[in-house]
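If you want the building blocks of each chain, they are given just below.
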Amino acid sequence: MTPDLPPALADWREAPRVRAANHRPVRHDGRYILCWLQQALRARDNPVIDAAVRLGNALRLPVLVYHGVREDYPYASDRLHRFILGAGRDLGAGCAARGLAFAGHVDRAERREPGLVHRLGAAAAAIVAEDQPTFVARWQAERVAARSDAPVYLVEAACLVPPAVIGDGIRGRSGFLRRHEPERERWSGVADEPSEVAPYAGELPFVADRLDDADLDALVARLSIDHSLPASDSHAPGRAAALIRLARLTTEVLPGYASARNDATRADGASGLSPYLHFGVLGPREVMAAVDASRAGAQHKRKFADELLGWREWFHYQARGLARPEHYDRVADWARHSLSDHAGDPRPELEPLAAMLCGETRDETWNACQRQFLVHGWMHNNLRMYWGKRILAMTPDPQTAWATACYLNDRLSLDGRDPSTYGNIAAMFGGAPSDRDRPVYGRVATRGDGSTRHRDGGAAWLAAAAALPTPAVSVPDALPGDRYLAG
Ligand SMILES: Cc1cc2nc3c(=O)[nH]c(=O)nc-3n(C[C@H](O)[C@H](O)[C@H](O)COP(=O)(O)OP(=O)(O)OC[C@H]3O[C@@H](n4cnc5c(N)ncnc54)[C@H](O)[C@@H]3O)c2cc1C
């Protein structure tokens, strides 16, 4: 437990989620506790809000929840903005229902508000924000903490078991599971901290956007973002859509999950919850509470817990231990060496970036995968494994393969830019070494498409998926560089 925490946070049962990101003392002339949310976009079951409420109750100060979205984060598009704004709208309503003031901001030409978190922080006794290990949320929080005169407390809100209780330095998933599994029960259960202070009704340094009655489609259409990538046709934004999927999980998906989960041709094989988890519309505690309460068989619940807790939380844990979780250098040493030994191999399956982006390569199965990303903003897990491995053969060298996989995943997929993105791509490029040494791949295992193609109706399903009409997405001249680390 960190000594830098005030008693209200240090004595909290969720204290292992919290760390002080600077060494400023609480400001007793502050007017509120600023609760700044970037990605945990839910009003309930949210440890970031709960930490702010605890601190507010102790200092007899109200909490002001703030969420803003800018036009200039990497891959800002209709797809991502519309999903975020739908979540932001429900977040505002949910905060009001909890008796908390909420201020939202959609940055745009006629409403530029530079440095808004700093300006809001100037009147705060303390800032409580999220502790995210990847993408812009990480360096934005660090930057605010470095510049702020107020103390900044960062709260982990993505995992059921706080990574801090696992301990540092675990290198393999089995060692991680040995520590993680016994902790799960202790961290389960949803109980929101009630606010004991009237909602903040004082001045703000800007005019907050009211999303509750805004036409979000029209708002998004006016922004300076990538309009060539439309909203997902399968994952509607907002809390109601997330809860419908959660209900469907417990009634339709979970009863057959252990066997159906690997079948990409089935619409009810998997939950489709990853976009809602990535943007924090749902948290793992709430999902697991619904799973535990369902009547599905124990083997299905176990399999689901292995995915949601055993894999997802492993990748979150891993990302926290890495200085650069988004980089190729995280791929296992043996795999990078083996791939590098084969860097000069002939590559007859090379594809231009435009063909890959648009799902128009010579590989029908790969196109079927990519078109799920293009149209739905989501791809079935089984297809992602094939998709990820094949990129090594389609690109000139392993570093370009890594950059291409991250670019396609991050730009197109609603759940991209996540610890699971880079952790899974690293596992596709590494994982368990193969006994064989093949051209291009070296000892990195390859993967065929038989698990989909050889199912009943699988070949027809792949042909139809590869022909799915796609949006005319803009094609860049080159892959983006290290923009995630540009803080
Ligand atoms: C190359 C590659 C890239 C991937 N990129 C992402 C990504 O950007 N974001 C992302 O969330 N997942 C990613 N995954 C993991 C996995 O494919 C998705 O989480 C899953 O397909 C989401 O669908 P679902 O919600 O229906 O999963 P379900 O089968 O219903 O699983 C429930 C939840 O468990 C978690 N989960 C399941 N499988 C995994 C896994 N392998 N790793 C981590 N968590 C898992 C997800 O949160 C998921 O929502 C990737 C996998 C591969 C092989």
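Residues numbered from 1 in each chain as written. Predicted model: local features only at pLDDT ≥ 70, side-chain atom pairs only at ≥ 80, totals over all residues. Heavy atoms only, no water.

1. Observations regarding the environment of Leu309
Along the polypeptide, Leu309 turns up in helix 12 (residues 298–320). In this structure, the C-alpha to C-alpha distance between Leu309 and Gln38, residues 271 residues apart in sequence, is 22 Å. Look past the residues within four positions of Leu309 in its chain and what remains in contact with it is Leu160, Phe176, His180, Arg184, Met288 and Trp314. (Helix = DSSP H or I, 4+ residues; strand = E, 2+ residues; numbered from the N terminus. Contact = heavy atoms within 4.5 Å.)

2. Focus on unusual backbone geometry
With a phi close to 60°, Phe135 is a non-glycine residue in the positive phi region. Among the secondary structure elements, Phe135 is positioned in helix 5 (residues 135–147). For Phe135, a relative accessible area of 6% corresponds to the buried category. Even without glycine at this site, Arg417 takes up a positive phi of about 65°. If you trace the backbone, Arg417 turns up in the loop between helix 17 (398–412) and helix 18 (419–429). (Buried < 20%, exposed > 50% of the residue type's maximum accessible area, 1.4 Å probe, protein only.)

3. Some thoughts on the sheet that holds strand 4 (residues 101–106)
Read from one edge of the open sheet, six strands run 1-6-5-2-3-4, paired in mixed fashion. The open sheet has two edge strands with one neighbour each: strand 1 (18–20) and strand 4. Neighbour-to-neighbour, the strand axes of this sheet turn through a mean angle of 25°, independent of strand direction. By the bridge criterion, five bridges tie strand 2 (residues 32–36) to strand 5 (residues 124–130) in an arrangement that is parallel. Of the residues in strand 5, the one forming a bridge with Cys35 is Val128. (Pairing = 2+ DSSP bridges. Axes fitted to C-alpha atoms, helices over the stretch in contact; angles between N-to-C directions.)

4. Topic: the side chain of Gln38
Within the element layout of this structure, Gln38 appears in the loop between strand 2 and helix 2 (47–59). Side-chain polar atoms of Gln38 contact the side chain of Gln140, separated by 2.7 Å. With residues near it in sequence (within four places) discarded, Gln38 still touches His67, Glu130, Val136, Ala137, Gln140 and Ala141. (Polar contact = N/O pair within 3.5 Å; in protein donor to acceptor, adjacent residues only side chain to side chain.)

5. Considering the UniProt feature "domain: Photolyase/cryptochrome alpha/beta" (unreviewed entry) in the protein
UniProt marks residues 31–163 with the feature "domain: Photolyase/cryptochrome alpha/beta" (unreviewed entry), using the numbering shown here. Helix makes up 39% of residues 31–163 and strand 22%. Its end C-alpha atoms lie 32 Å apart. (UniProt positions renumbered as here; feature names shortened; annotations may be inferred.)

6. Section: the packing of aromatic side chains
In the structure shown here, the tally under the stated rule is 14 aromatic pairs. Arranged with centres 6.2 Å apart and planes meeting at 65°, the rings of Tyr328 and Trp402 form a pair that is edge-to-face. Of this pair, Tyr328 sits in the loop between helix 12 and helix 13 (333–341) while Trp402 sits in helix 17, and the two are 74 residues apart along the sequence. Connected via pairs of aromatic rings, a cluster forms that spans Phe83, Tyr276 and Phe279. Directly above the aromatic system of Trp311 lies the positively charged group of Arg173, at a separation of 3.7 Å from the ring centroid. (Phe/Tyr/Trp six-rings, centres within 6.5 Å; stacked < 30°, edge-to-face > 60°. Lys NZ or Arg CZ within 6 Å of the ring centre and 35° of its normal.)

7. Quick word on the pairing of strand 4
With five of its six residues buried, strand 4 lies for the most part within the structure. Here strand 3 (residues 63–69) pairs with strand 4 via six bridges, running parallel. Considered in strand 4, the bridge of Tyr66 is made with Ala103. What joins strand 3 to strand 4 is helix 3 (residues 78–97), and the crossover it makes is right-handed. (Right-handed = clockwise from strand over helix to strand, strands pointing away.)

8. Here's the deal with the site of the ligand
Taken together, 26 residues sit near the ligand, with Tyr257, Ser271, Gly272, Asn381 and Thr421 positioned nearest. A distance of 2.6 Å is found between an oxygen atom of the ligand and a backbone nitrogen or oxygen belonging to Gly272. Take Thr421: an N or O atom from its side chain is 2.7 Å from an oxygen atom of the ligand. For the shell around the ligand, the elements supplying multiple residues, two or more each, are helix 10 (274–278), helix 12, helix 16 (381–394) and helix 18. The dominant element in the shell around the ligand, judged by the number of residues it contributes, is helix 12, at six residues. Of the residues belonging to the shell around the ligand, the class tally is twelve nonpolar, nine polar and five charged. (Near = heavy atom within 4 Å. Nonpolar A, V, L, I, M, F, W, Y, C, P; charged D, E, K, R; others polar.)

9. Quick notes on the pairing of strand 3
Among the seven residues that make up strand 3, six are buried, leaving the element largely enclosed by the rest of the structure. Alignment of strand 2 against strand 3, held across four bridges, turns out to be parallel. The residue of strand 3 that forms the bridge with Trp36 is Tyr66. This β-α-β element, strand 2 to helix 2 to strand 3, shows right-handed connectivity.

10. Things to note about helix 18
Here helix 18 lies mainly inside the structure; nine of its eleven residues are buried. Those residues of helix 18 lying buried are Pro419, Ser420, Thr421, Tyr422, Gly423, Ile425, Ala426, Met428 and Phe429. At its buried positions, helix 18 is contacted by helix 5, helix 12, helix 13, helix 16 and helix 17. Of the residues that open helix 18, the one with a side-chain oxygen 2.9 Å from the backbone nitrogen of Ser420 is Asp418.

11. Re the pattern of salt bridges
Throughout the structure, instances matching the rule amount to 37 salt bridges. Residue Glu326 is joined to Arg138 by a salt bridge in which the shortest nitrogen-to-oxygen separation is 3.5 Å. Separated by 188 residues along the polypeptide, Glu326 in the loop between helix 12 and helix 13 and Arg138 in helix 5 bring together distant segments of the chain. Judged by relative accessible area, which is 5%, Glu326 ranks as buried. (Salt bridge = Lys/Arg side-chain N within 4 Å of Asp/Glu carboxyl O.)

12. Let's talk about the packing of helix 16 against helix 17
As a packed pair, helix 16 and helix 17 sit with axes 8 Å apart at the nearest point and diverge in direction by 145°. The interaxial crossing formed by helix 16 with helix 17 has right-handed handedness. When helix 16 is examined against helix 17, the residues Arg384, Trp387, Ile391 and Leu392 are found in contact with a partner set consisting of Pro398, Ala401, Thr404, Ala405, Leu408 and Asn409. (Left-handed = near helix turned anticlockwise from the far one by under 90°.)

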